[in-house]
Amino acid sequence: MKAAILHEANQPLVIGEVALSQPGPREVLIRTKACGVCRSDLHFIDGAFPHPVPTIPGHEAAGVVEAVGEGVLSVKPGDHVITFFTVFCGSCEMCVTGRPSLCVNPATRRAKGAPPRIASDDGTPIAQFLNLSAFAEKMLVHENACVAISKEMPMDRAALLGCAVITGAGSVFNDSKMKPGESIAVIGAGGIGLAAINAARIAGAGQIIAIDPVPEKRSLATKMGATNVFDAGADDLVKQVLAQSDGGVHYAIEAVGRTETAELAWNILRRGGTATVLGMIAPGKRVSIPGHTFLTGKKLQGSLLGSTQFPIDMPRLVDMYLDGRLDLDTMVAERIALEDINDALEKLRKGDTVRSVIEFG
């Protein structure tokens, strides 16, 4: 099959041929139909986060099940599925306490010494990227890395649910547990931020503030439901937000991945508010919070994929899209071929696009 391969960090991806193993016990072979190009991919491709190479990036995908291995019960050939990179075992402490996104049980991977799921034509193993490797015509994954959805759902929109949307929406529905009428600020109006804004509108937020340096993204945020927008580069940004929100917001969502934006999320909270950091802050970076401000009762928390319970939340988000409540159409900036992947990554580096989606034939 054809795939976009990363041979070395800070180098362009190379389109080449690779081979997949046959599905083993509890494994699912999926023909990839669409895959979003996410900033999280860029963190690994550009070397900010380490990953073994060679590898095939890509982790925000949807496709059709072609075959299943022994013991697979959750999906069958012909099912349309969304994948997610935080594969869960279903039996560890994290899973049985309702936090499957935090599962790290290695039982979902192939045993040491077993043939690799992916290899080059000469047999060299290719490290599977975030349990998926979705910049490829097919994926071979554990059954708990995908969930079946309605066949009415367009695949290019379904793919976005696998990372950006489930993260942004989950930060509102699961992490914040927002009540109607409460206020929220979303820092960063990329894919994750726009999904959080859309979810806040669905949840009945009284005020939705979007903060981003790019005018076009602020316009998109307004279309998705933001009631107020601010330029992230404004000198008196904190004062402006505090004034607009009557002393601070109930919730702040950081969807950028920088220390200064995490600190901004804390600073624009009202007393007793909660800030959730979704962005991937690079290893070695630290967030600084003035100690005395903890006496205001504010809370700072992290989140992975919006603390989602995947088999439940993803089909519900599909229903929200099909019902016209969840806006995914606005998030798709362009649809591209796999061969255009490096151009899409360069657009991400410039920060002037929301989502490029790879479509496979």
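In the block above lies the structure referred to throughout.
Residues numbered from 1 in each chain as written. Predicted model: local features only at pLDDT ≥ 70, side-chain atom pairs only at ≥ 80, totals over all residues. Heavy atoms only, no water.

Trainee: Quick rundown of the pattern of salt bridges? Include the residues and the values.
Mentor: Following the criterion strictly, the structure yields 16 salt bridges and no others. Between aspartate 156 and arginine 157 there is a salt bridge whose closest N-O contact spans 2.7 Å. By relative accessible area, aspartate 156 is classed as buried at 5%. With a closest N to O distance of 2.9 Å, lysine 347 and glutamate 334 form a salt bridge. Taken together, the positions of lysine 347 in helix H10 (residues 341-350) and glutamate 334 in strand E17 (residues 332-336) put the pair 13 residues apart, joining distant regions of the chain. Salt bridges sharing common partners tie together Asp156, Arg157, Asp329 and Arg335. (Salt bridge = Lys/Arg side-chain N within 4 Å of Asp/Glu carboxyl O. Buried < 20%, exposed > 50% of the residue type's maximum accessible area, 1.4 Å probe, protein only. Helix = DSSP H or I, 4+ residues; strand = E, 2+ residues; numbered from the N terminus.)

Trainee: How would you explain the sheet that holds strand E1 (residues 2-5) if you had to name every residue and give the values?
Mentor: Strand order in this open sheet of 3 strands is E1-E2-E7, and the pairing throughout is antiparallel. Looking at which strands have only one partner, the edges of the open sheet turn out to be E1 and strand E7 (118-120). The sheet shows a mean angle of 60° between the axes of neighbouring strands, direction not considered. Bridge analysis of E1 against strand E2 (residues 14-20) gives 4 bridges, and the strand direction is antiparallel. Across the sheet, lysine 2 pairs through a bridge with glutamate 17, a residue of E2. (Pairing = 2+ DSSP bridges. Axes fitted to C-alpha atoms, helices over the stretch in contact; angles between N-to-C directions.)

Trainee: Which residues make up the packing of aromatic side chains, and what values go with them?
Mentor: One pass over the structure, following the stated rule, counts 6 aromatic pairs. Relative to phenylalanine 310, the ring of phenylalanine 84 has its centre 4.2 Å away and its plane inclined at 5°; by these criteria the two rings are stacked. Here phenylalanine 310 lies in helix H9 (residues 310-322) and phenylalanine 84 lies in the loop between strand E6 (80-83) and helix H2 (93-96), a separation of 226 residues in the sequence. Classification of phenylalanine 84 by relative accessible area gives buried; the value is 0%. Between the aromatic rings of tryptophan 266 and phenylalanine 294, the centroid separation amounts to 5.1 Å while the plane-to-plane angle is 55°, which identifies the pairing as tilted. (Phe/Tyr/Trp six-rings, centres within 6.5 Å; stacked < 30°, edge-to-face > 60°.)

Trainee: Go over unusual backbone geometry with me, naming the residues and quoting the values.
Mentor: Going from valine 53 to proline 54, the amide bond is cis rather than trans, its omega being 0°. If you check the backbone angles, leucine 305 has positive phi at about 55° while not being a glycine. With respect to the helices and strands, leucine 305 occurs in the loop between strand E16 (299-302) and H9. One non-glycine residue, serine 307, lies in the positive phi region at around 50°. Judged by its relative accessible area of 31%, serine 307 falls in the partly exposed class.

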